Amino acid sequence: MEWSLRLLACLVGILPIGSFVRTKRDTTGNLLNTEVHSAPAQRWSMHVPAEVSAAAGEAAVLPCTFTHPHRHYDGPLTAIWRAGEAYAGPQVFRCAAARGSELCQTALSLHGRFRLLGNPRRNDLSLRVERLALADDGRYFCRVEFAGDVHDRYESRHGIRLRVTAAPRIVNLSVLPGPAHSFRALCTAEGEPPPVLDWSGPALGNGSAAVPGPGQGQGHGHQVTAELPALVHDGRYTCTASNSLGRAEASVYLFRFHGASRASALALPLGALGLKALLLLGVLAARAVARRRPEHPVAQDSPPRPQAQESNYENLSQMSPRDPPAATCLP
């Protein structure tokens with residue numbers, strides 16, 4: 001009986017120990033699997049801001065960083081920036097780095113105004129744009145290519161919106177002929193935000209409606225045109241462009257002849273042209289008379305000048321002492 005109790009106690013002590021060991025092994029195995037599956041797999045990705053804003057004439061920085069599936073890559077790479085559209089838009093910047101080099105040699109920089117700020121070896125493709133213009137307004141896309149298969153390249157899909165701001169500037173102001181001998185005026189200005197155009201002039205109220213200007217259909221939404229359809233009175237007409245950054249204005253003057261009839265209106269310019277023609281003929285005749293006076297002297301009875309004696313005298317003065325005295329002319 002005592003031997004049976006000892007055997008039972010041993011079995012009781014062994015079972016908990018075996019259970020503990022099995023649980024420990026299971027738990028360790030589960031932890032290892034969790035580490036393998038939960039470790040973040042490095043994948044291709046691009047990190048860019050949604051929008052960057054800068055004023056015309058200044059510089060802007062377009063940030064772009066990326067990740068790739070390689071732990072370390074020192075092979076050849078190419079950094080590219082596009083404008084307008086991902087994958088198919090025109091390239092504005094491109095540089096290439098040789099194997100093991102951190103220097104990305106510039107191969108393309110549109111108008112020389114695009115410069116790489118980041119280091120592609122350190123997953124940074126940030127770009128700097130110098131001397132901004134309103135035409136630079138738009139969306140830009142960064143891209144990196146490794147010297148591998150088609151899976152070793154990546155490009156941002158949404159890109160960065162570069163917003164260029166500018167105070168208004170009037171780029172064209174003109175007066176054009178209209179129907180029935182009338183005139184109309186056109187004023188075109190650019191700016192960002194797009195400016196509001198107003199006309200002012202003699203017996204004219206402000207606030208004429210702006211219509212889409214030429215070029216807006218090509219994506220230049222910062223340009224607007226306002227038309228003044230009829231210039232009724234003579235005088236000064238002023239176009240004013242304004243937005244949140246400032247204002248600009250320009251003026252044209254209109255003066256017309258007011259005659260009783262069209263024939264009388266034309267009589268004045270034709271008469272002026274005839275008078276100018278008569279004056280020109282008189283000047284030409286006076287010049288012709290002045291040129292003929294030396295050829296026909298007025299005093300015909302005056303004795304002629306002794307040119308022969310003067311000639312002989314000059315010959316004598318220029319003769320050498322060896323010439324014979326018979327060369328003189330006696331009376």
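Residues numbered from 1 in each chain as written. Predicted model: local features only at pLDDT ≥ 70, side-chain atom pairs only at ≥ 80, totals over all residues. Heavy atoms only, no water.

Brief notes about the packing of aromatic side chains
What counts is decided by this rule: Only Phe, Tyr and Trp rings are paired, with Trp represented by its six-membered ring, and only when their centres lie within 6.5 Å; those with planes under 30 degrees apart are stacked, over 60 edge-to-face, the remainder tilted. Helix and strand labels come from DSSP, where a helix needs a run of H or I of at least four residues and a strand needs a run of E of at least two; each type is numbered from the N terminus. Whether a residue is buried, partly exposed or exposed follows from its accessible area with a 1.4 Å probe, protein chains only, as a fraction of its type maximum: under 20%, in between, or over 50%, in that order.
Under the counting rule described, the total for this entry stands at four aromatic pairs. Geometrically, the ring pair formed by W44 and F146 is tilted, given 5.3 Å between the ring centres and 50 degrees between the ring planes. Note that W44 is positioned in the loop between helix 1 (2-38) and strand 1 (45-47) and F146 in strand 10 (residues 138-146), a separation of 102 residues in sequence. Here W44 falls in the buried class, since its relative accessible area comes to 16%. Classification of F146 as buried rests on a relative accessible area of 4%. Ring plane angle 15 degrees and centroid distance 4.0 Å describe the contact between Y73 and F146, whose orientation is recorded as stacked. On the criterion of sequence distance, the pair formed by Y73 in the loop between strand 4 (65-67) and strand 5 (77-83) and F146 in strand 10 is long-range, its members being 73 residues apart. With respect to class, Y73 is no different from F146; both count as buried. Following the ring pairs from residue to residue traces out a cluster consisting of W44, F66, Y73, F146 and Y154.

Considerations on the sheet that holds strand 8 (residues 114-116)
Short version of the rule: By the convention used here, strands pair only if DSSP detects at least 2 bridges between them. Helix axes are fitted to C-alpha atoms over the stretch in contact, other axes to C-alpha atoms as well, and angles between N-to-C directions run from 0 to 180 degrees.
Strand order in the open sheet formed by three strands is 3-9-8, and the pairing between neighbours is antiparallel. Each having just a single partner strand, strand 3 (60-62) and strand 8 make up the two edges of the open sheet. Averaged over all pairs of adjacent strands, the angle between their axes in this sheet comes to 25 degrees, without regard to strand direction. Pairing between strand 8 and strand 9 (residues 127-129): three bridges, direction antiparallel. Along strand 9, the bridge assignment pairs L116 with L127.

Re the pattern of salt bridges
Worth spelling out the cut-off: Salt bridges are counted wherever a side-chain nitrogen of Lys or Arg sits within 4 Å of a carboxyl oxygen of Asp or Glu.
What the rule picks out here adds up to 13 salt bridges. Among the salt bridges present, the one from R247 reaches E249, with a minimum N-O distance of 3.9 Å. A relative accessible area of 59% means that R247 is categorised as exposed. Sharing partners across several salt bridges, the network here consists of R82, R143, E145 and E155.

Side note on the sheet that holds strand 14 (residues 196-200)
Across the sheet, which stays open at both edges, the three strands sit in the order 14-17-18 with antiparallel pairing between neighbours. Edge positions in the sheet fall to strand 14 and strand 18 (246-254), since each has one partner strand and no second. Mean inter-strand twist for the sheet, computed between neighbouring axes without regard to direction, equals 20 degrees. Pairing between strand 17 (residues 235-243) and strand 18: nine bridges, direction antiparallel. Along strand 18, the bridge assignment pairs N243 with G246.

A closer look at the pairing of strand 16 (residues 223-228)
Within a regular strand, the side chains alternate between the two sheet faces. Burial runs high along strand 16: five of the six residues are buried. Pairing geometry for strand 13 (residues 183-192) and strand 16, over six bridges, is antiparallel. Along strand 16, the bridge assignment pairs E190 with Q223.

On their own, these measurements won't tell you what the molecule is for.
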